[in-house]
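# Fold and contact review
The chain contents come next:
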Amino acid sequence: MNHTSSSCSAALAALAWVGVAALASAPALAQGSASGSTRIVQAVFVIDDSASMSATVQGQPAADPDRLAVFAVRSLISMLDDVDEATVVRLNAPDEAPALRPLGQTRRRLEEILSLSGALARYDGELTPCRDGLDRTADLLAEGWRPGAAQIVVLLTDGRCNPGDQAPDAEAMLERLTPSDAEPPQLYLLRFAGRAVTPSLGALAAASGGQTIDIRGDEPTGIVEPFADALTRAQGFEAELLTPARPTLAAHPGAERVRLLVVAEGDGPPLTPTLADARGAAVRPTSPPRTGMHRYERGATYRYVAVDVAPTASGITLHVDDERQWRAVAVPEYRLGAHLTLRRGHCSESGAPATTDDVGVTSTRSVETGSTVCADLMVVDDDGRPLLDAPQSSRSLAESTSAEIRFRHGGDPGTDAWTPMSRVPGDTLRFVAETARLAKGRWTIEARAALGARGSGSSSGLLLKPPPLSLDVSSYEARIEPARLDFGVLRPGARPPGRTVHIAGNFPQTHARLEVDRHGLSSCVTFAVDAVPEGESFPVHAGGQKSLEVRVAGWCGAATRRLELTPTLRLVFAGTAGIELGAVSLPVTLDLDLRLEAPSSLEASLRAGESADLDVPLRVATDGIVDLALWLPDDRRARPDWPAALTASLQPSPGPSPNDFNGRAEVVDSIGLALDPESNDAAAGRPSVVAHLQLDSGACCPGGMHRRILVLGATDSGRNGGDVYGGPPPPPLEIPLIVHVEPAGTWACRGPLVLRGTLLLLGLLVVLYAWSMVRNTQLLSRAALADALVPLRWDRWGEAEADRRQGDAMRDFVRRAMPWHRRLVTWLKANPFVFGLPGRSYRETVHLRLEPETSPQRTSLRLVDSADWPSILDADPALGAGSLYASAQGGSIVAGGPPELYGVLRHGRIDRLSPLDVYDDDERPRVRRFRRRARLLFDLDPRERDEGRAAGWQLDA
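Analysis parameters
- Residues numbered from 1 in each chain as written.
- Predicted model: local features only at pLDDT ≥ 70, side-chain atom pairs only at ≥ 80, totals over all residues.
- Heavy atoms only, no water.
- Patch = residues over 30% accessible without salt bridge, like charges linked within 9 Å, V, L, I, M, F, W, Y side chains within 5 Å.
- Areas by Shrake-Rupley, 256 points an atom, 1.4 Å probe, with all protein chains shown as cover.
- Salt bridge = Lys/Arg side-chain N within 4 Å of Asp/Glu carboxyl O.
- Helix = DSSP H or I, 4+ residues; strand = E, 2+ residues; numbered from the N terminus.
- 1 Å grid on protein atoms, 1.4 Å probe; cavity = no way out; pocket = protein on both sides within 12 Å on 5 of 7 lines; lining within 4 Å.
- Points joined across faces, edges and corners; volume = space filled by probe spheres on them.
- Nonpolar A, V, L, I, M, F, W, Y, C, P; charged D, E, K, R; others polar.
- Buried < 20%, exposed > 50% of the residue type's maximum accessible area, 1.4 Å probe, protein only.
- Polar contact = N/O pair within 3.5 Å; in protein donor to acceptor, adjacent residues only side chain to side chain.
- Disulfide = S-S within 2.5 Å.

### Points about a nonpolar patch on the surface
Taken together, the side chains of Leu755, Leu759, Leu761, Leu762, Leu764, Leu765 and Leu768 define a hydrophobic patch exposed on the protein surface, amounting to about 690 Å² of accessible area. In this structure, Leu762 sits in helix α9 (residues 746–775).

### Here we look at empty space enclosed by the protein
In total, this model carries four cavities of 30 Å³ or more according to the counting rule given. Taken as a whole, the largest cavity encloses approximately 60 Å³ of empty space. Looking at the largest cavity, the residues that line it are Pro492, Gly554, Trp555, Cys556, Gly557, Leu594, Arg595, Leu596 and Val620. Looking at the lining of the largest cavity residue by residue, the classes come out as six nonpolar, two polar and one charged.

### Some details on the side chain of Thr157
Residue position: Thr157 is located in the loop between β4 (150–156) and α6 (170–177). Given a relative accessible area of 1%, Thr157 falls into the buried group. Polar contacts involving the side chain of Thr157 include one to the side chain of Asp48, which spans 2.9 Å.

### Comments concerning the state of the cysteines
By definition, a disulfide links the sulfur atoms of two cysteine residues through a covalent bond. On inspection of all chains with the given rule, the structure shows four disulfides. A disulfide bridge connects Cys347 with Cys374, and the sulfur atoms are separated by 2.0 Å. In this structure, the disulfide formed by Cys347 and Cys374 twists by about 110 degrees around the S-S bond and is classed as right-handed. One end of the pair, Cys347, is in the loop between β15 (337–344) and β16 (364–368); the other, Cys374, is in strand β17 (residues 373–380), with 27 residues separating them in the sequence. Judged by its relative accessible area of 17%, Cys347 falls in the buried class. For Cys374, a relative accessible area of 0% corresponds to the buried category. Paired through a disulfide, Cys700 and Cys749 show a sulfur-sulfur distance of 1.8 Å. When the S-S torsion is 115 degrees, as for the bridge of Cys700 with Cys749, the disulfide is right-handed. Taken as a pair, Cys700 in the loop between β42 (688–697) and β43 (704–714) and Cys749 in helix α9 lie far apart in primary sequence, 49 residues in all. For Cys700, a relative accessible area of 36% corresponds to the partly exposed category. Cysteine pairing for the chain, with bonded cysteines counted in sequence order: 1-2, 3-4, 5-6, 7-8.

Here you go:
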């Protein structure tokens, strides 16, 4: 590739770098707000696809035989985020350009357009129709625009627009490209050095705030150098070119991230960048490497890699594993904005902001004529924080940043001049300007900060413009009419009609509050404006009127007095739009009649065990019905030695009434008192009421003098929503109560207690005795007793065998023989009062008479009415000679226990049965307890032992 071809290739590829530069600066240009928080970037790449791009024209070599323009756009798109929006317009087919959409949706479509086998890469257009392409660009920008979006246009061409009518008018085209209510898009024109380009294109780039870039270069990797220069012009600072000879990236405090793009020519593996900080520690990219390779037909091969990295405080060193020459550009992404504020006073002092309103945000500020106003402009980052300068980098931001301001009075063109602002020393980019000669009227304040590139030859680079502010300059005043208000005589419970006050003067609508100087004024007297209480805000405007109301609560304290007061009331205006109206006075006259008559003390005498009544007469000056509370507090101070046997209760006269006093946890007794001016002494304005205090003493009340306090004060909830106080309610009136008690005799005090104790003890003994009777009772389980009696029969060999077929019949027999009523009668006959004693017990016992039958038809069972029959038989066996018994072993009333089977042998027999293991014929009766499976057999001659005949009984207990 010859020198000319390399230069053209470098020029075409520089399209990508200029686009990155414009994208990095566009958010601040579009937003121009306090924080520059816009992140949506809309870029349109307009590519000249005429045949002259790839063919020799008038002896000049082809501009882009290797289709490096396609390579540049592809590498740029690889650097952009999915939320950014981009599209490509071919001059010879503008209608085929897709709409602006997020790259997350259109990236594949754009890659198809940029394919080396696509129509764009063929460069087979006949003309260079600039106006058609820019018209289509205007449509795309208008369709895709939304508030806060940043729009840029990059136009690449190698010659003049043709035919002749395609040359655009710069002013008309800029208006055509600018969507409604938006900043104009920046247009960057890339032209090749030595080739003529239509002049209006350069004028259009300059008018939009963009640049015209001349592309030069002696080798393909030189495309990075013009890009770095374009980026410096676009952002105004800190765009850096990195090479193997200068591989270190400077620190960028405040930057959100740094985008790196590395380009190298020639075949080989994908480029692999390695990053390290000043100490040699590895720095990991914040995004995966996005690599690519470009080669058109048999042309040169180009490789690239794009990564994002977080800035460090000490800089980053870049190394690329490739022996050939490489170039890289570092694009710090600041997302800058500017924040403009106004405050009163000189810039050298801290003044109050020249804005106050209800929501904290307003576009109109106000000061009085002659006020000094300081304008403060701060360059901020994406989060609204002040941007820190980087003096250790190759270029300090402060060296290339300036700010201007202008004050416009109405539509006067003579006040449109821009004047420089002074930079405040420090690490932040902050500028101030002040003025004190503003005439009365509406002013518009505009400011702008320009981050120009050193050595760029341009007076301004990145332009940050916050929204303009408005300032009203005028004088205001407020006054109250009439000069004084007289409310006449007021008593507790007074609710006189409100007095009308007029608010005159000249001021905008605002809010005010009523303040009352309560020095010497009882808290029972409160004021309100249009029912809005003291201290709360209400709207006011010049020429309006308000109603001043006064209220006197039902309780105003215990002192008997009449006062004439002139309290100080002030109407305090809130600042609005920077206006401070201060406060105006409301002189008021009050004649308070707070007379109260109550007993100085109460005294009574009674004998222990008796009661007494005391009257409590009260007279209070009132206007309207007044609710008061009369109560007996229960704290230690109010009743230091009051005995528990002496109780006091209150009730109004006549008769009891519901308790109107609520909410006092320490009150043991209280009543509500309604004082009506129509009651006694109404003519004197002092209604009266008599409450009754009832004293009840117990028989054990100690004798002597006992003291307590009766309290009269405000209720927690009065009539018509309750009384309102301008502070803590006045302290209540305390009336001493003295009671003399004569003690009663000892028996009168202790006799009833002794009697109750005796009855309680007897009752306890009865309960314990009944519980012992139940606990000492052992009952038989009828089912267990039936299962313990198993009939025997002879088998074919003359041996006895158990016949368990009669189990159900035996259980039915036992239930019928031992009904509950009969068992209860037997239990009572055994005398529960005897076995209820400790150490005694009742064992339920039955007398069994077993007959030689295999069924219980002739068997008999009888309950024995003895508490402990086994012990009786052990003492005198003759009482049960020849009998079989079953007694309970354990068990209770709820669940019966298993039986114990025993008998008294007589001549070795029990009835007609003989135990199988008894061989003596001792005639003395003796008790024998049978083991489990003991057998009682009938004495039959073996020859009479017929099969199936009854053989006796087996005892299974």
